[in-house]
Amino acid sequence: MKVENLRELLVEELQDLYSAENQLTKALPKVAKAASDPMLKKAIESHLKETEGHVERLEKVFKKLDESPKGKTCAGMKGLISETDERIKEGAEDESVLDAGLIADAQRVEHYEISAYGSARTFAGLLGEKEIVHLLEETLKEEKAADAKLNQIAEGINVDAKAA
């Protein structure tokens, strides 16, 4: 469908995010199971709960817009998850090397989401949708915090992976 205006673009972006977040709720348990570092495992499990909250928040946004959250499948997230699945399947000689790879994968996901939520928030702001801006900003802050937490965890794991 051809996008005719900024509101339609916002809805399309939000539908993409809704698909992405739902894909993540299915993928994160596998990633947590594959992680060996307790802090990484806990961070992934914690982010799964946040991701479920992101889905609920997006549902509120769609309700406010009187739009359906259903749209196309987010191909970007599908690709990122596929790469992580491949990494898990291939494994690594050392657990810390696999964990370092899982962190890199997770940060790619976070950066994708940060970009998408930032754009959607900007579109909503331009359209005067203050409540939606607030909801999207809340999720954006959580995504940035998750990325920062992954950076922190990576500091130790990457050193261990180098020693492997």
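Values in this document were obtained by computation on a predicted structure and should not be read as measured data.

**Topic: the pattern of salt bridges**
Line of reasoning, step 1. In this structure the tally under the stated criterion is eight salt bridges.
Line of reasoning, step 2. In this structure, Arg108 and Asp105 form a salt bridge, with 2.6 Å as the shortest nitrogen-oxygen distance. Note that Arg108 and Asp105 are positioned in helix α4 (residues 95-126) at a spacing of three residues, about one turn of the helix.
Line of reasoning, step 3. Classification of Arg108 as partly exposed rests on a relative accessible area of 37%.
Line of reasoning, step 4. Each of Arg57, Glu138 and Glu142 takes part in salt bridges that share partners, so that together they form one network.

**Let's talk about the nonpolar core**
Most often, soluble globular proteins keep nonpolar side chains buried together rather than apart.
Line of reasoning, step 1. The biggest cluster of nonpolar side chains holds 27 residues, and the ones touching the most others in it are Leu40, Ile44, Met77 and Ile103.
Line of reasoning, step 2. Taken together, the elements giving at least two residues each to this core come down to α1 (6-34), α2 (38-65), α3 (75-90), α4 and α5 (130-163).
Line of reasoning, step 3. Broken down by element, the residue count for this core peaks at seven residues, all from α1.
Line of reasoning, step 4. Every residue in contact with Ile103, bar those within four places of it in the chain, is listed here: Leu40, Leu150, Ile153, Ala154 and Ile157.

Rules used in this analysis
- Throughout this document, residue positions are counted from 1 along each chain, in the order its sequence is written.
- Given that this is a predicted model, residues contribute local features only at a pLDDT of at least 70 and side-chain atom pairs are listed and counted only at 80 or more, while totals for whole chains, interfaces and linings are drawn from all residues.
- To obtain the side-chain values, all non-hydrogen atoms of the structure were included, while hydrogens and water were left out.
- The term salt bridge refers to a pairing of a side-chain nitrogen on Lys or Arg with a carboxyl oxygen on Asp or Glu at a separation within 4 Å.
- A run of H or I in DSSP becomes a helix once it reaches four residues, and a run of E becomes a strand once it reaches two; helices and strands are each numbered from the N terminus.
- Think of it in three bands: with a 1.4 Å probe and only protein chains considered, a residue is buried below 20% of the maximum accessible area for its type, exposed above 50%, and partly exposed in between.
- Side-chain atoms within 4.5 Å link the members of a nonpolar core, which is a set of buried Ala, Val, Leu, Ile, Met, Phe, Trp, Tyr and Cys residues.
- Whether two residues are in contact is decided by their heavy atoms: any pair within 4.5 Å suffices.

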